[in-house]
Amino acid sequence: MRLIPNEFFVASASAVSAVSDLNAFDKALIKMGIGEQNLVPVSSVIPAGAKEVNAKEMPMGAVTHCVLAQIRGSDNETISAGIAYAFRKDGSGGYVAEGRAHGPKTELAETLIKKMNEIAESRGVELRDIKILTEELTVPKGHYGACAAALVFTGYE
(Lines give C-alpha, C1' and ligand atoms only; values in the text may rest on other atoms or scores of the structure.)
Protein backbone atom coordinates (compact mmCIF):
# COMPACT_ATOMS: atom_id res chain seq x y z
CA MET A 1 0.00 0.00 0.00
CA ARG A 2 1.33 3.44 -0.97
CA LEU A 3 0.08 6.46 0.91
CA ILE A 4 1.12 9.64 -0.85
CA PRO A 5 -0.29 12.76 0.79
CA ASN A 6 -1.71 15.38 -1.57
CA GLU A 7 -3.00 17.87 1.02
CA PHE A 8 -1.81 19.27 4.32
CA PHE A 9 -2.52 22.00 6.81
CA VAL A 10 -0.47 23.58 9.58
CA ALA A 11 -1.58 24.40 13.10
CA SER A 12 -0.14 25.40 16.45
CA ALA A 13 -1.37 26.01 19.99
CA SER A 14 -0.33 26.16 23.61
CA ALA A 15 -2.21 25.22 26.76
CA VAL A 16 -1.84 24.86 30.52
CA SER A 17 -3.06 22.35 33.09
CA ALA A 18 -2.97 22.21 36.85
CA VAL A 19 -2.88 18.39 36.66
CA SER A 20 -0.04 17.33 34.32
CA ASP A 21 2.04 18.15 31.27
CA LEU A 22 0.22 15.37 29.39
CA ASN A 23 -3.10 17.13 30.00
CA ALA A 24 -1.59 20.43 28.83
CA PHE A 25 -0.36 18.72 25.65
CA ASP A 26 -3.79 17.15 25.09
CA LYS A 27 -5.45 20.57 25.45
CA ALA A 28 -3.02 22.05 22.91
CA LEU A 29 -3.86 19.27 20.41
CA ILE A 30 -7.58 19.94 20.91
CA LYS A 31 -7.02 23.65 20.21
CA MET A 32 -5.15 22.68 17.04
CA GLY A 33 -8.09 20.57 15.85
CA ILE A 34 -6.20 17.26 16.00
CA GLY A 35 -6.97 16.16 19.56
CA GLU A 36 -9.42 13.44 18.48
CA GLN A 37 -7.08 11.74 16.01
CA ASN A 38 -4.52 8.97 16.39
CA LEU A 39 -1.37 10.86 15.46
CA VAL A 40 1.41 9.05 13.64
CA PRO A 41 4.69 10.98 13.41
CA VAL A 42 6.35 11.00 10.01
CA SER A 43 9.61 12.42 8.75
CA SER A 44 9.80 15.70 6.97
CA VAL A 45 9.09 15.32 3.25
CA ILE A 46 6.21 17.02 1.45
CA PRO A 47 5.40 15.07 -1.73
CA ALA A 48 5.43 16.74 -5.14
CA GLY A 49 2.01 18.14 -5.95
CA ALA A 50 0.83 18.37 -2.33
CA LYS A 51 -1.22 21.48 -1.63
CA GLU A 52 -1.61 23.47 1.57
CA VAL A 53 -5.28 23.70 2.55
CA ASN A 54 -7.30 25.14 5.41
CA ALA A 55 -7.62 22.97 8.50
CA LYS A 56 -10.09 20.12 8.01
CA GLU A 57 -12.31 18.33 10.45
CA MET A 58 -11.39 14.66 10.55
CA PRO A 59 -13.30 11.68 11.95
CA MET A 60 -12.67 10.75 15.56
CA GLY A 61 -9.96 8.13 15.82
CA ALA A 62 -8.64 8.64 12.29
CA VAL A 63 -5.01 7.61 11.82
CA THR A 64 -3.42 10.94 11.00
CA HIS A 65 0.11 11.42 9.74
CA CYS A 66 1.90 14.59 10.82
CA VAL A 67 5.23 16.25 11.43
CA LEU A 68 4.84 17.28 15.06
CA ALA A 69 6.91 19.52 17.31
CA GLN A 70 6.08 19.63 20.99
CA ILE A 71 7.57 20.75 24.27
CA ARG A 72 6.30 20.64 27.83
CA GLY A 73 7.29 22.72 30.83
CA SER A 74 6.26 24.03 34.24
CA ASP A 75 6.54 26.83 36.82
CA ASN A 76 7.33 30.12 35.03
CA GLU A 77 9.35 28.42 32.30
CA THR A 78 9.18 29.91 28.79
CA ILE A 79 8.85 27.21 26.14
CA SER A 80 8.31 27.25 22.39
CA ALA A 81 7.65 24.77 19.60
CA GLY A 82 7.42 25.30 15.88
CA ILE A 83 7.75 24.09 12.34
CA ALA A 84 9.24 25.53 9.18
CA TYR A 85 8.29 24.30 5.73
CA ALA A 86 9.05 25.14 2.13
CA PHE A 87 8.71 23.78 -1.37
CA ARG A 88 11.66 23.18 -3.67
CA LYS A 89 12.14 25.69 -6.48
CA ASP A 90 12.21 22.84 -9.00
CA GLY A 91 8.63 21.82 -8.06
CA SER A 92 9.64 18.39 -6.75
CA GLY A 93 7.95 18.62 -3.34
CA GLY A 94 9.28 20.16 -0.18
CA TYR A 95 10.52 19.70 3.36
CA VAL A 96 9.53 20.36 6.96
CA ALA A 97 11.73 21.02 9.99
CA GLU A 98 10.38 20.83 13.50
CA GLY A 99 11.91 22.25 16.65
CA ARG A 100 11.43 23.06 20.28
CA ALA A 101 13.18 25.29 22.78
CA HIS A 102 13.31 26.21 26.42
CA GLY A 103 13.16 29.87 25.46
CA PRO A 104 11.39 32.35 23.19
CA LYS A 105 9.99 31.60 19.76
CA THR A 106 12.22 34.23 18.13
CA GLU A 107 15.30 32.11 18.88
CA LEU A 108 13.49 28.98 17.76
CA ALA A 109 12.56 30.61 14.44
CA GLU A 110 16.23 31.35 13.73
CA THR A 111 17.10 27.71 14.40
CA LEU A 112 14.30 26.49 12.14
CA ILE A 113 15.59 28.64 9.25
CA LYS A 114 19.08 27.15 9.74
CA LYS A 115 17.62 23.64 9.72
CA MET A 116 15.73 24.28 6.47
CA ASN A 117 18.80 25.76 4.81
CA GLU A 118 20.87 22.73 5.75
CA ILE A 119 18.14 20.36 4.53
CA ALA A 120 18.30 22.09 1.13
CA GLU A 121 22.10 22.21 1.09
CA SER A 122 22.36 18.48 1.91
CA ARG A 123 20.19 17.71 -1.11
CA GLY A 124 21.73 20.27 -3.45
CA VAL A 125 18.40 22.03 -4.02
CA GLU A 126 17.00 25.52 -3.57
CA LEU A 127 13.86 26.30 -1.59
CA ARG A 128 11.09 28.78 -2.22
CA ASP A 129 10.04 31.05 0.64
CA ILE A 130 10.33 29.31 4.00
CA LYS A 131 7.16 29.56 6.10
CA ILE A 132 7.39 29.37 9.88
CA LEU A 133 4.74 28.67 12.50
CA THR A 134 5.77 28.92 16.16
CA GLU A 135 4.03 28.88 19.49
CA GLU A 136 5.37 30.29 22.77
CA LEU A 137 4.14 30.02 26.36
CA THR A 138 5.34 31.19 29.74
CA VAL A 139 3.88 28.57 32.04
CA PRO A 140 2.09 30.01 35.09
CA LYS A 141 3.55 29.13 38.49
CA GLY A 142 2.06 25.94 39.87
CA HIS A 143 0.96 24.72 36.43
CA TYR A 144 2.17 22.60 33.58
CA GLY A 145 2.29 23.84 30.01
CA ALA A 146 2.75 22.58 26.49
CA CYS A 147 3.35 24.09 23.07
CA ALA A 148 2.81 22.19 19.85
CA ALA A 149 2.99 22.85 16.12
CA ALA A 150 2.29 20.43 13.30
CA LEU A 151 2.09 19.96 9.58
CA VAL A 152 -0.84 17.55 9.21
CA PHE A 153 -1.38 15.43 6.11
CA THR A 154 -5.09 15.13 5.24
CA GLY A 155 -5.58 13.88 1.67
CA TYR A 156 -4.06 10.86 -0.09
CA GLU A 157 -3.77 9.55 -3.61
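Look up: the structure comes first, before these words.
What counts and what doesn't
- Residues numbered from 1 in each chain as written.
- Predicted model: local features only at pLDDT ≥ 70, side-chain atom pairs only at ≥ 80, totals over all residues.
- Heavy atoms only, no water.
- Pairing = 2+ DSSP bridges.
- Helix = DSSP H or I, 4+ residues; strand = E, 2+ residues; numbered from the N terminus.
- Buried < 20%, exposed > 50% of the residue type's maximum accessible area, 1.4 Å probe, protein only.
- Core = buried A, V, L, I, M, F, W, Y, C linked by side-chain atoms within 4.5 Å.
- Contact = heavy atoms within 4.5 Å.

*Asks:* Got a minute to help me understand the sheet that holds strand E3 (residues 45-46) in this structure?
*Replies:* The strand order across the open sheet built from 4 strands is E3-E7-E6-E8, with neighbouring strands paired in antiparallel fashion. Only two strands of the sheet have a single neighbouring strand rather than two, namely E3 and strand E8 (131-138). Summarising the sheet, E3 and strand E7 (residues 94-101) pair through 2 bridges and their orientation is antiparallel. Across the sheet, the residue bridging to Val45 is Tyr95, located in E7.

*Asks:* What exactly am I supposed to notice about the pairing of strand E6 (residues 78-87) here?
*Replies:* Regular strands have side chains that alternate between both faces of the sheet. In terms of residue burial, E6 counts as a mostly covered element, since 8 of its 10 residues are buried. Pairing between E6 and E8: 8 bridges, direction antiparallel. Bridge assignment links Tyr85 to a residue of E8, and that residue is Lys131. Where E6 lies against E7, 8 bridges are found, and the strand directions are antiparallel. Residue pairing across strands places Ala86 opposite Tyr95, the latter belonging to E7. Between E6 and the antiparallel strand that follows it, E7, lie 6 residues; Gly91 among them carries a positive phi value of about 80 degrees.

*Asks:* In this structure, what is going on with the nonpolar core? I would like to understand it.
*Replies:* Nonpolar side chains in soluble globular proteins tend to end up buried together. Phe8, Ile46, Ile83, Tyr85, Val96 and Leu151 are the most contacted members of the largest nonpolar core, which has 17 residues in total. Elements with a minimum of two residues in this core: strand E5 (63-74), E6 and strand E9 (144-156). With sequence-adjacent residues up to four places away left out, Leu151 is seen in contact with Phe8, Phe9, Val10, Ile46, His65, Cys66, Val67, Ile83, Tyr85 and Val96. Counting residues in each nonpolar core, the second largest holds 16 residues, with Ala11, Phe25, Met32 and Met58 among its members.

*Asks:* Help me out: how do you make sense of unusual backbone geometry in this one?
*Replies:* The phi torsion of most residues other than glycine is negative, and most of the peptide bonds are trans. The phi dihedral of Asp75 falls on the positive side, at around 40 degrees, and the residue is not glycine. Of note, Asp75 is situated in the loop between E5 and E6. One non-glycine residue, Asn76, lies in the positive phi region at around 65 degrees. Mapped onto the secondary structure, Asn76 falls in the loop between E5 and E6. A relative accessible area of 47% places Asn76 in the partly exposed class.

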